[in-house]
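A structural walkthrough
Residues per chain are reported as follows:
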Amino acid sequence: MSIPAIELMTSLRSGHATSPRLTWYGPDSERVELSGRVLDNWVAKTSNLLQDELDAEPGMRISLSLPAHWKSLIWALAAWQLGMETALDGGDADLLVTDNPGSVPGKHDAVIAVALPALAMRWPGELPPGVIDFAAEVRMHGDVFLAHSDPSADGVAVRGRDGRRHLHEDLLTGFATPHDDGVRLLVHAGEGLEPVLADALGAWDNGGSVVLVHPDVELTDKLLAAERVHGG
């Protein structure tokens, strides 16, 4: 069964696939730009890691304990493509994805550590026993994702910090923030992961792209002009 997240990924990898869809400005002059095809590649690899290595399946709950970051968007898209529920409220979950694996509340079937620097090939330093290193593992997985089980459109896609639940069938019509066709949208990472996800989905669903900016990055006139962004 096709759900909006699957249809969105099909659109990103097939329509203007080489055009920028996600651009990240981070600390220390970090800039990452992903085309639709490369974005889909990252999402497919992450979905395959979830499905093949962690036995993830539709309906399972995954907690994203991450700041708003380009890798956080990858994880959310990968989970939704599988038909999983992403929890942004820090509650119980089958799987936990975190940038702070040294402090893991509750019990989970698996914990995945995400090193945020773009060039990180593995977690810097030692990980607690059993914690999976996303940077080291994800590259070993396939570039194309084929689901083992059909996701349910009436399953929960995301549970927000206010406890509100959004179904997979309503992800792009109820959770996503509407934006103009073809928008090049400036999104502030400091607003938090939930509004960033909603903005990004709304931009992508209307053929647009996202420029996601870390709070420490100065929004100069030169940057805004170079990226041709909309928003403030």
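In what follows, the structure referred to is the one given above.
First things first, this report covers the structure right here in the doc. Given the structure is predicted, the values throughout are model-derived calculations rather than measurements.

Pairing within the open sheet is mixed, and its seven strands lie in the order S7-S6-S5-S3-S4-S8-S9. Both edges of this open sheet fall to strand S7 (132-133) and strand S9 (165-167), since each of them pairs with a single strand only. Bridge count for strand S8 (residues 156-159) against S9 is three bridges, and the pairing is antiparallel. Following the sheet pairing, Arg159 is matched in S9 by Arg165.

Under the counting rule described, the total for this entry stands at seven salt bridges. Arg61 is the salt-bridge partner of Glu85, the closest N and O atoms lying 3.0 Å from each other. Remark: Arg61 occurs in strand S3 (residues 61-65) and Glu85 occurs in strand S4 (residues 85-87); sequence separation between them is 24 residues. Between Arg159 and Glu85 there is a salt bridge; the shortest N-O distance is 2.9 Å. With Arg159 in strand S8 and Glu85 in strand S4, this residue pair connects regions lying 74 residues apart in the sequence. Comparing Arg159 with Glu85 shows no difference in burial state: the two are buried. Connected via shared salt-bridge partners are Arg31, Glu33, Arg184 and Glu227.

What follows deals with the packing of helix H1 (residues 4-14) against helix H2 (residues 36-53). At their nearest, the axes of H1 and H2 sit 6 Å apart, and the two run at 135 degrees to each other. When the interaxial angle is binned, H1 and H2 end up oblique. Crossing of H1 over H2 shows left-handed handedness. Judged by residue contacts, Met9, Leu12 and Arg13 of H1 engage Gly36, Arg37, Leu39, Asp40 and Val43 from H2. The class makeup of the residues in the contact of H1 with H2 is four nonpolar, one polar and three charged.

What follows is about the side chain of Lys45. Mapped onto the elements, Lys45 comes out in helix H2. One polar contact links Lys45 to Asp143, side chain to side chain, over a distance of 2.8 Å. Leave out the neighbours within four places in its chain, and Lys45 touches Val138, Arg139, His141, Gly142 and Asp143.

Counted residue by residue, strand S10 (residues 184-188) has four buried out of five residues, so it is predominantly covered. In this sheet, strand S11 (residues 209-213) lies alongside S10 in parallel orientation, the contact comprising five bridges. Paired with Leu186 across the bridge in S11 is Val211. In the classification by handedness, the crossover that spans S10, the intervening helix H6 (residues 193-205) and the parallel S11 is right-handed.

About the cut-offs
Residues numbered from 1 in each chain as written. Predicted model: local features only at pLDDT ≥ 70, side-chain atom pairs only at ≥ 80, totals over all residues. Heavy atoms only, no water. Pairing = 2+ DSSP bridges. Helix = DSSP H or I, 4+ residues; strand = E, 2+ residues; numbered from the N terminus. Salt bridge = Lys/Arg side-chain N within 4 Å of Asp/Glu carboxyl O. Buried < 20%, exposed > 50% of the residue type's maximum accessible area, 1.4 Å probe, protein only. Axes fitted to C-alpha atoms, helices over the stretch in contact; angles between N-to-C directions. Parallel < 35°, antiparallel > 145°, perpendicular 65-115°, else oblique. Left-handed = near helix turned anticlockwise from the far one by under 90°. Contact = heavy atoms within 4.5 Å. Nonpolar A, V, L, I, M, F, W, Y, C, P; charged D, E, K, R; others polar. Polar contact = N/O pair within 3.5 Å; in protein donor to acceptor, adjacent residues only side chain to side chain. Right-handed = clockwise from strand over helix to strand, strands pointing away.

So, to be careful, I would describe these as geometric facts and stop short of saying anything about function.
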